[in-house]
Amino acid sequence: PDLTKGTGPEDAITQAAATGTGPLVVVEHVHKHFGELHVLKDINLTVNAGEVVVVIGPSGGGKSTLCRSINRLEPVDGGRILVDGKELPKEGKELARLRADVGMVFQSFNLFAHKTILENVTLGPMKVRKQGKQESEKHAMELLERVGIANQAGKYPAQLSGGQQQRAAIARSLAMRPKVMLFDEPTSALDPEMVNEVLDVMTGLAREGMTMIVVTHEMGFARRAAQKVVFMADGQIVEENTPDEFFTNARTDRAKDFLSKIL
Ligand code: ADP
Ligand code: MG
């Protein structure tokens, strides 16, 4: 299908989804230190187009650092990371453009407090993608509709609930038409009753073929949406498994021990 021609809110997201097959994110022998601390130890991970990978593991294991490295918010010390076949440059305009291929949603929503929800969503496309205002606003409204908060477009972030703010953050990322979306514990700062409205949006994205790397301990989401679970601890990928196998029959003692604590 021609994914460049959207007709409605659903298409607004499908456009952003990767259309190809094969590896979209490749992490090869990646190492990262913070001073003496070796936080990523020979990480190897391939995420294919359209695939959803859930990353799970104890606090301090390196999950956020891995996400930030894929997005070049953190430089790595060894190995390389390719997104759609390209290694991200260290700086410059090219970096901003390629970084836009990788959408990122954090635990804290990181919206601009002094801009409306609509402005938050249109800012990136206008600045980085050099998209016109009218086109950006049209696309933004489609995305806000899709995440269920079109009626909040004129409000400021503080006027929205946590769940609504996180959905706005997802819409803002999608507005850049990323090839892959990274989510770093997107629901862990939310009140329990708001977790599902965010997970539902993410599940919808997954169904529509978006390539996603999701750090979360939400088992239900992993089982519904993920093809692969990666268990990370002490800077290493300890186990890669299907969600069903991982949650019922983990292979490693380290994973079993972790699961016994969170389940
Ligand atoms: P996780 O997301 O799995 O909890 P992180 O990637 O946040 O793990 O952290 C991995 C390790 O790196 C932890 O020991 C953490 O304290 C350390 N770390 C993370 N960011 C920094 C930083 N900017 N400077 C120094 N140490 C850091
Ligand atoms: Mg983290």
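Keep in mind it's a predicted model, so treat the numbers as computed, not measured.

**Regarding the site of ligand 1**
For step 1, the next point in the chain: The environment of ligand 1 is formed by Phe 34, Leu 37, Val 39, Pro 58, Ser 59, Gly 60, Gly 61, Gly 62, Lys 63, Ser 64 and Thr 65.
For step 2, the next point in the chain: For ligand 1, an oxygen atom lies 2.7 Å from a polar atom in the backbone of Gly 60.
For step 3, the next point in the chain: One of the backbone nitrogen or oxygen atoms of Ser 64 is found 2.9 Å away from an oxygen atom of ligand 1.
For step 4, the next point in the chain: Contact with the protein chains removes 59% of the 560 Å² of surface that ligand 1 exposes when unbound.
For step 5, the next point in the chain: Taken together, the elements giving at least two residues each to the shell around ligand 1 come down to strand S2 (37-48) and helix H2 (63-70).
For step 6, the next point in the chain: When residues of the shell around ligand 1 are assigned to their parent elements, the largest contribution, 3 residues, is made by H2.
For step 7, the next point in the chain: The residue makeup of the shell around ligand 1, split by class, is 4 nonpolar, 6 polar and 1 charged.

**Observations concerning the side chain of Thr 122**
For step 1, the next point in the chain: Within the element layout of this structure, Thr 122 appears in helix H4 (residues 117-127).
For step 2, the next point in the chain: By relative accessible area, Thr 122 is classed as buried at 6%.
For step 3, the next point in the chain: For Thr 122, the contacting residues outside a window of four places in its chain are Ser 136, Glu 137 and Ala 140.

**Here we look at unusual backbone geometry**
For step 1, the next point in the chain: Phi angles above zero are rare outside glycine, and Arg 72 is one such case at about 65°.
For step 2, the next point in the chain: Tracing the sequence through the fold places Arg 72 in the loop between H2 and strand S4 (78-83).
For step 3, the next point in the chain: In this structure, Glu 185 is a non-glycine residue whose phi angle is positive, near 45°.
For step 4, the next point in the chain: Of note, Glu 185 is situated in the loop between strand S7 (180-184) and helix H7 (192-207).

**Description of the sheet that holds strand S6 (residues 102-105)**
For step 1, the next point in the chain: The strand order across the open sheet formed by 6 strands is S6-S7-S8-S3-S9-S10, and the pairing between neighbours is mixed. Unpaired on one side and paired on the other, S6 and strand S10 (236-241) mark the two borders of the sheet. Averaged over neighbouring strand pairs, the angle between their axes works out to 20° when direction is ignored.
For step 2, the next point in the chain: Sheet strands touched by H7: strand S3 (52-56), S7 and strand S8 (211-215). Its angle to S8, the strand with the most contacts, is close to 145°.

**Topic: the pattern of salt bridges**
Close approach of charged atoms allows side chains with opposite charge to pair.
For step 1, the next point in the chain: A full pass over the atoms with the stated rule returns 13 salt bridges.
For step 2, the next point in the chain: Here Asp 84 and Lys 179 are joined by a salt bridge, their closest N and O atoms 2.8 Å apart. One end of the pair, Asp 84, is in the loop between S4 and strand S5 (86-87); the other, Lys 179, is in the loop between helix H6 (162-174) and S7, with 95 residues separating them in the sequence.
For step 3, the next point in the chain: Judged by relative accessible area, Asp 84 falls into the partly exposed class, the value being 34%.
For step 4, the next point in the chain: Given the relative accessible area of 23%, Lys 179 is considered partly exposed.
For step 5, the next point in the chain: Members of the salt-bridge network, linked through shared partners, are Asp 84, Asp 101, Arg 129 and Lys 179.

Reading the values: the criteria
- The written sequence of each chain sets the order in which its residues are numbered from 1.
- As they are written, the chains are lettered A onward and the ligands numbered 1 onward, keeping that order.
- Given that this is a predicted model, residues contribute local features only at a pLDDT of at least 70 and side-chain atom pairs are listed and counted only at 80 or more, while totals for whole chains, interfaces and linings are drawn from all residues.
- Excluding hydrogens and water, the side-chain figures rest on all heavy atoms present in the structure.
- In this text, near means that some heavy atom of the residue lies within 4 Å of the molecule or strand in question.
- Definition of a polar contact: a pair of N or O atoms within 3.5 Å, with one able to donate and the other able to accept a hydrogen when the atoms are protein atoms, and with sequence-neighbouring residues admitted only if both atoms are side-chain atoms.
- The Shrake-Rupley method, run with a 1.4 Å probe sphere, supplies the accessible areas, and residue values consider only the shown protein chains as cover.
- The secondary structure listing takes helices from DSSP runs of H or I that are at least 4 residues long and strands from runs of E that are at least 2 residues long, numbered from the N terminus.
- Think of it as three bins: nonpolar holds Ala, Val, Leu, Ile, Met, Phe, Trp, Tyr, Cys and Pro, charged holds Asp, Glu, Lys and Arg, and polar takes everything else, Gly as well.
- The buried label applies to any residue whose accessible area, calculated with a 1.4 Å probe on protein chains only, is under 20% of its type's maximum; exposed applies above 50%, and partly exposed to all values in between.
- For this analysis, residues touch if any pair of their heavy atoms sits within 4.5 Å.
- For two strands to count as paired, DSSP must find a minimum of two bridges between them.
- Note on method: axes are straight lines fitted to C-alpha atoms, helices fitted across the in-contact stretch only, with angles between N-to-C directions ranging 0 to 180 degrees.
- The term salt bridge refers to a pairing of a side-chain nitrogen on Lys or Arg with a carboxyl oxygen on Asp or Glu at a separation within 4 Å.

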